[in-house]
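So you can see what is in the structure, the chains are spelled out below.
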Amino acid sequence: MAVGKEIRGKIKTVENTKKITKAMEMVSVSKMRKAQDRMRAARPYAEKVRNIATNLGQANPEYVHPFMKANDAKRAGFIVVTTDKGMCGGMNTNVLRAVTGKLREMQGAGVGIDTVAIGNKGLGFLTRIGAKVVSQVTQLGDTPHLDKLIGPVKTLLDQYAKGELSAVYLSYTRFINTMKQEAVVEQLLPLSAERMQEETRQSGTQHGWDYIYEPDAQTVIDELLVRYVEGLVYQAVAENMASEHSARMVAMKAATDNAGNVINELKLVYNKTRQAAITKELSEIVSGAAAISG
């Protein structure tokens with residue numbers, strides 16, 4: 001029964017696939033919890049730096065940091081945060097689609113683009129579309145380290161401080177909950193006072209503080225705003241990793257469920273084929289016996 005043997009082979013193949021997707025789902029569940037804990041642990045630091053940066057910007061208005069000045073350059077920078085691995089549903093597709101829309105809009109206005117790729121998927125995409133990749137970082141592992149991110153990101157920050165870029169955008173996948181992640185493309189530079197004030201209002205901490213600066217206000221503000229931007233990038237990477245493991249868990253669960261459905265359908269087809277073969281054999285036996293007796 002060649003047809004039945006072929007179906008049994010397909011069932012065995014799908015069962016092996018189901019075991020793999022189930023194992024990947026369990027691994028993603030474990031990594032997701034750690035990534036979510038890391039993301040939540042980073043949020044208080046980012047919020048505190050944001051609050052202090054806002055207060056400093058209001059407390060010392062006679063000095064304006066380059067990150068808060070608008071430039072007239074005809075180039076913009078993009079930091080694209082994606083995953084190193086696939087099999088996480090449409091997560092990378094959604095954020096890259098949002099980036100593509102923004103790139104087309106800016107290129108249509110005659111603005112050149114410099115990009116920084118964080119993650120293999122984003123690097124491959126930017127290379128395929130011919131975007132200028134000025135720096136990159138891949139294989140961050142399960143634990144992102146700020147020292148690996150500072151170098152590539154600093155390339156765009158230095159360009160903006162020199163007035164070579166009109167804006168720097170940050171694109172990543174924001175973690176909302178286990179079942180929902182949102183693709184985000186937001187402006188990182190210039191840092192507008194209105195935006196930082198809005199973030200402070202949303203956090204519910206509004207104060208009119210002033211500070212004693214040591215050694216001086218310019219040195220403190222320069223250092224703090226760089227740390228502020230780096231903190232935003234690190235938080236984006238942490239959010240992206242939490243989103244990655246959540247999306248992969250959901251995708252692998254769906255794949256496991258679909259494999260189970262395919263196995264059930266193949267078993268039904270196999271049983272019907274086997275029953276048809278048995279019925280045919282019985283009919284042949286009965287017909288042969290009737291011919292002999294007749």
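Residues numbered from 1 in each chain as written. Predicted model: local features only at pLDDT ≥ 70, side-chain atom pairs only at ≥ 80, totals over all residues. Heavy atoms only, no water.

> I tried to follow the overall build of the chain on my own but got confused; where do I start?
Across its full length, the chain carries six helices and five strands. The order of α-helices and β-strands along the chain, N terminus first, is α-β-α-β-α-β-α-β-β-α-α. Across the 294 residues of the chain, 41% fall into the buried class. Taken as a whole, the chain presents about 15800 Å² of accessible surface, with 55% of it coming from carbon and sulfur. (Helix = DSSP H or I, 4+ residues; strand = E, 2+ residues; numbered from the N terminus. Buried < 20%, exposed > 50% of the residue type's maximum accessible area, 1.4 Å probe, protein only. Areas by Shrake-Rupley, 256 points an atom, 1.4 Å probe, with all protein chains shown as cover.)

> I'm lost on a nonpolar patch on the surface in this one. Help?
A contiguous nonpolar surface patch, about 290 Å² in accessible area, is contributed by Ile278, Leu282 and Ile285. Residue position: Ile285 is located in helix α6 (residues 217-293). Looking at Ile285, the relative accessible area reads 57%, which means it is exposed. (Patch = residues over 30% accessible without salt bridge, like charges linked within 9 Å, V, L, I, M, F, W, Y side chains within 5 Å. Salt bridge = Lys/Arg side-chain N within 4 Å of Asp/Glu carboxyl O.)

> Looking at this structure, I do not really get the sheet that holds strand β3 (residues 132-137). What am I missing?
Picture the strands of a sheet paired through backbone hydrogen bonds; they go either parallel or antiparallel. If you walk across this open sheet you meet the five strands as β3-β2-β1-β4-β5, and the pairing is mixed. The open sheet has two free edges, formed respectively by β3 and β5 (180-189), since each of these has just one partner strand. Between one strand axis and the next, the sheet turns through 20 degrees on average, direction left out of account. The pairing of strand β4 (residues 167-177) with β5 spans nine bridges and is antiparallel. Considered in β5, the bridge of Thr173 is made with Ala183. Sheet strands touched by helix α3 (residues 120-128): β1 (75-81), β2 (112-118) and β3. Its angle to β2, the strand with the most contacts, is close to 150 degrees. (Pairing = 2+ DSSP bridges. Axes fitted to C-alpha atoms, helices over the stretch in contact; angles between N-to-C directions. Contact = heavy atoms within 4.5 Å.)

> Looking at this structure, I do not really get the pattern of salt bridges. What am I missing?
When the charged atoms of two side chains with opposite charge come close together, those side chains can pair. As enumerated under the stated definition, the model contains eleven salt bridges in all. Ionic pairing is found between Arg75 and Asp114, a salt bridge with its closest N-O pair at 2.6 Å. Taken as a pair, Arg75 in strand β1 and Asp114 in strand β2 lie far apart in primary sequence, 39 residues in all. Among the residues examined, Arg75 registers a relative accessible area of 30% and is labelled partly exposed. What emerges from the salt-bridge pattern is a single network uniting Arg75, Asp114 and Lys132.

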